[in-house]
Amino acid sequence: MLDRELKKGSAELMILSLVEDRARHGYEISKLIETRSRGTLRFNVASLYPLLYRLEDRGWIQGRWTEKSGQRRRRYYKLTAAGRKVLSAQRNTWQSFVAAMSRITGLENA
Amino acid sequence: MPDFRDEIRRKLAPLRLEATREAAIVEELGQHLDDRYAELKTRGTPEQQASAAVLAELEERDLLATRLRKLERQPRFDPVPAGGPWHGGLLQHLGQDLRYALRSLRRSPGFAAVAILSLALGIGANTAIFQLLNAVRLRSLPVRNPEELVYLKPSNSHGRSGNFRGNFPIFTNLIWEQIRDHQQAFSGIAAWNSTSFNLATGGRSRIAKGMYVSGDFFNALGILPAAGRLISVADDTKGCGLPGAVISFPFWQREYGGNASAIGSKLTLDGHPAEIIGVTPPGFFGLEVGMSFDVAAPICSEALIDGEWKNIDRRDGWWLAIIARLKPGWTAEKATAQLESISPGIFQATLPERYKEKEAKEFLGWKLAAYPASAGLSNLREEYEQPLWMLLAIAGTVLLIACANLANLMFARANAREREIAVRLALGASRSRLLQQLMMESLLVAAVGALAGVALAQILTRVLVSFLTTSGGKISLDLAVDWRVLGFSGLVAVITCLFFGLTPAMKATATPPIVAMKAGVRGAIGGRERLGIRRVLVVAQVALSMVLLVAAFLFVRSFQKLVTVDAGFRQTGILVADLDFTQLKMPVEMRNTFKQQLADRVQALPGVESAAAVNIVPVSGNGWNDSVHTNASGEELQEVAWFNRVSPGFFKTMGTPILRGRDVSNSDTLSSPAVAVVNETFVRKLFKDKDPLGQTFKVDEGATKPESVYQVVGVVKDTKYRTLRDELTPIAFVPRGQDKQPDTYCSIVMRSDLPLDSLTTAVEHALAEINPSILIRFTVLKTQIRDTLVRERLMASLSGFFGVLAAVLTTIGLYGLISYMALRRRNEIGIRMALGADRMRVLTLVMREAIELLGIGLVAGAALSWWASRTARSMLFGVKNTDPTIFGAAVALLAIVALTASFVPAQRASHLDPLEALREE
């Protein structure tokens, strides 16, 4: 499992990017993280939802109860305008960081 | 599928979240766990294992609760679920209501500004007056345990004759000593007298406020020195000379910069050196509220300082007041009983020799009594207490009128929010909850208004005090804001809030929701009932304004009459110089000539039209009276007449015409027959229609001396003697040169057109040439007279201001109401106009409502004014409290102003386009 510190710092970036294209609910987000990281990263309930609520408080994502026909109502999260700005900034930061790390440690691009 | 929600709830329980919030989280997380479980089951995991795995996600070291706790600590702002039960306690709702009220007020800044400003002014004015009343009447003395203090007074004295000095000339020194030695009710007893000391040694006087105090004065009051020591019993012994003087803290700061070197340095009191032995603590001003003192000396020193004129041994020298501290367990009643029992002995031992039989009998029958004195004694209080209470009543009425306007505004606001309130009621909101929210707005406005009012009051109080301050001296009052003042303004704020907030709010929440939602801009049918209250409010406003206007007119007229009253002498252009030549140590037989010399010297100055010496300056508050009798008219007539001793030229200087006979002259000396010039009232009362010239009258000189006989040589026009308010009394003017016992004081009145400064300098120089040790004090007669009218001026100005303010507020109220009523009847007016009614008719229609309200209000107001004006009777001068012209003027003014105010909306209504009015629904 990935180091807890790394995971914490990147969690926000992950969630923001996952709701960039369309609104998703909590379980969907956690499944996506698991599959796209090929099992490396896993968020359980206790970690995911507090994070979602924090992002919502800051106004970067917006949660809304939506009822689709034939289903129970679920809470969907989508990216807000403010969130979009933050996402772009965080992406840049992350890219610069990775590039710098590579140069220092002599890692090659995977 | 197992239900994970219970488990989630259990985890969230310690967070004590709000019900809705918890439910939402539980639902969301519950779904997540259900999905997880479903996924595991699809993969083939057995039920129990799957359940365990899912629950394990929750278990992880209670992370869920911990993390959520950090987030959920910020209160989530949920809209109040309409009709929700009382969750979370009173305070939470209070905070919500406060925020709601703030938002609501911020959306209508105009209303908020008007409301807060009106309240600030109204509450401020009331608080200012109350603060003054508090300082003058209610506040306790800054001494130890003031509630134990009483002052002594004969309970049954009807006046006495003799020599009076000071502000409270209740006892003589001998009576004081007797009481001190024979009382049993008090653990401490002290006497004092207020006086003034001239600190100068020559030339321009430097007057300091002084006190004579008995030895135990400071000890009995529990006063400790700020520096040095205070006068003690050892200092106050007969024949003590001048062992030392105590100065007050402010005096110490002012004159010595608070320097310790002041102790032990010397002061001059009326020419006698005194050593400063100590300083009283800051905050101690003596026992008379409104006064202060600079220097205090022991009572025994009066003998030295006043010299020839000492009062201390005179059996009829009244100058001391007595204060005492009750022994533990004693009450004022018990003390009075004890004092009554020792009274006969005391008065027997102190009977003045010169009292004749009748007066002596009365004196011997006096009984001493003790009265509560926790608030000290005060002449200021006597003079101003009644006017201040009256002003408070007036200011309170103005506040009521302003509140009526606010109530009308609140009604209008409530009307506008009818729909919103109706919807919420329909959705199940509790009425009391809504009421609380609406009241919160009123409470907020009242609270802010009150705070601003208290701040404003500090300024207003100072303005009021400066108003009352005369050239004679500053008024010293402790104007600090104490619990009484805050309590008062708090109470006023609450009452006003209830008054203008509660009724509209209750009415607003009482409308059945369905009715409110159907109504148009006119407002609900229930509005008719609301309109009834608004009408009553306006009528009340008119009535109260009428009362205030009548009061204002009465006081203004009274003041005007007083200022223009014929005093019998000319008030302008006269300078008075009070001279004291005690230090010259002139023998008695030379004094009369010397005084004439002084007057002549001043008269000779260039620019001085006329000058004369006089004993008692007119309208200075001083006086000298004696009992006179004569049977010149055939019957024996007796009156109390007032006397004055004047030099030739006095009447010319004062501009009082001599009607018959002659002025006093320099040939009226001690070796010629005693003569007098009398005034018209004297003639009328004592000589009836007999020609007074050449007639004689006798003056009662007491039991020990023969009567004096005077011959009338002239008659002058009536003049005012002690105050402008006095009735005209018999006055006899006797010649300067025939004074058998001249003292070392002399006042010179002079008439001149010179500017004040150059005149005073010239006089000073001229008198210094005669002798530089003469002490001089200048007063302008006009200023001195004006100072005696402060009370009347206060009432006139303030009642006038409040009266106008009340009229303005009422006008606004009437305007608002008529506008609203016209608006309500738009449809009706439109129909009428469509059916052919012309502008005039519409105008009349609307105005009729206004006239109705005005009429009822004026009638009620007139009745109320008639009843209320009786309380002011004693404060009026030259005008009756039922004066019909004043009532008429008030009615006229109010009617004109109010009708103009209602004319505007009526005019607007009559210019209505009928189609517009009908279209609107």
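Basis of the calculations
- Residues numbered from 1 in each chain as written.
- Chains lettered and ligands numbered in written order.
- Predicted model: local features only at pLDDT ≥ 70, side-chain atom pairs only at ≥ 80, totals over all residues.
- Heavy atoms only, no water.
- Disulfide = S-S within 2.5 Å.
- Helix = DSSP H or I, 4+ residues; strand = E, 2+ residues; numbered from the N terminus.
- Buried < 20%, exposed > 50% of the residue type's maximum accessible area, 1.4 Å probe, protein only.
- pLDDT = per-residue confidence, 0-100.
- Contact = heavy atoms within 4.5 Å.
- Salt bridge = Lys/Arg side-chain N within 4 Å of Asp/Glu carboxyl O.
- Polar contact = N/O pair within 3.5 Å; in protein donor to acceptor, adjacent residues only side chain to side chain.
- Nonpolar A, V, L, I, M, F, W, Y, C, P; charged D, E, K, R; others polar.
- Core = buried A, V, L, I, M, F, W, Y, C linked by side-chain atoms within 4.5 Å.

What about the state of the cysteines?
All names here are of chain B. If you walk through the whole model with that rule in mind, you get one disulfide over all chains. The side chain of Cys240 participates in a disulfide bridge whose partner is Cys300; the two sulfur atoms lie 1.8 Å from each other. As the torsion about the S-S bond is roughly 100 degrees, the Cys240-Cys300 disulfide counts as right-handed. Here the residue Cys240 occupies a position in the loop between strand E6 (227-228) and strand E7 (245-247), and Cys300 occupies one in the loop between strand E10 (295-298) and helix H10 (302-306), the gap between them amounting to 60 residues. For Cys300, a relative accessible area of 5% corresponds to the buried category. A disulfide-free cysteine, Cys403 has its sulfur positioned 9.4 Å from the sulfur of Cys497, the nearest such atom.

So, unusual backbone geometry
Residue and element names in this part refer to chain B. With a phi close to 50 degrees, Asp270 is a non-glycine residue in the positive phi region. Here Asp270 lies in the loop between strand E8 (266-269) and strand E9 (272-279). Even without glycine at this site, Lys688 takes up a positive phi of about 50 degrees. Among the structural elements, Lys688 can be located in the loop between helix H21 (680-687) and strand E20 (696-699).

A word on the confidence of the model for chain A
Caution applies to low-pLDDT regions: their predicted coordinates should not be interpreted in detail. Here chain A shows a mean pLDDT of 84. Residues at 70 or above account for 88%. Least confident of the elements in chain A is helix H1 (residues 4-18) of chain A, whose mean pLDDT is 78; most confident is strand E1 (residues 24-25) of chain A, at 92.

Points about the interface of chain B and chain A
Contacts between the two partners involve 26 residues from chain B and, on the opposite side, 23 residues from chain A. For the pair chain B and chain A, the number of links is four salt bridges. For Arg74 of chain A, the salt bridge is made with Asp35 of chain B, and the minimal N-O distance between the two is 2.3 Å. Inspection of the chain B/chain A interface yields ten residue pairs in polar contact (both at pLDDT 80 or more). Those elements that place two or more of their residues in the side of chain B that touches chain A are helix H2 (19-43) and helix H4 (63-72) of chain B. Top element by residues in the side of chain B that touches chain A is H2 of chain B. It accounts for 14 residues. Residue composition of the side of chain B that touches chain A, by class: eight nonpolar, three polar and 15 charged.

Some details on the nonpolar core
Residue and element names in this part refer to chain B. Of all hydrophobic cores here, the largest spans 108 residues; its most connected members are Leu119, Ile129, Leu132, Leu477, Phe500, Phe555 and Phe802. With 19 residues, the top contributor of residues to this core is helix H13 (residues 379-416). Every residue in contact with Leu132, bar those within four places of it in the chain, is listed here: Leu388, Thr461, Leu464, Val465, Leu468, Leu477 and Leu479. Membership of the second largest hydrophobic core comes to 75 residues, among which are Val150, Phe293, Leu320 and Phe363.

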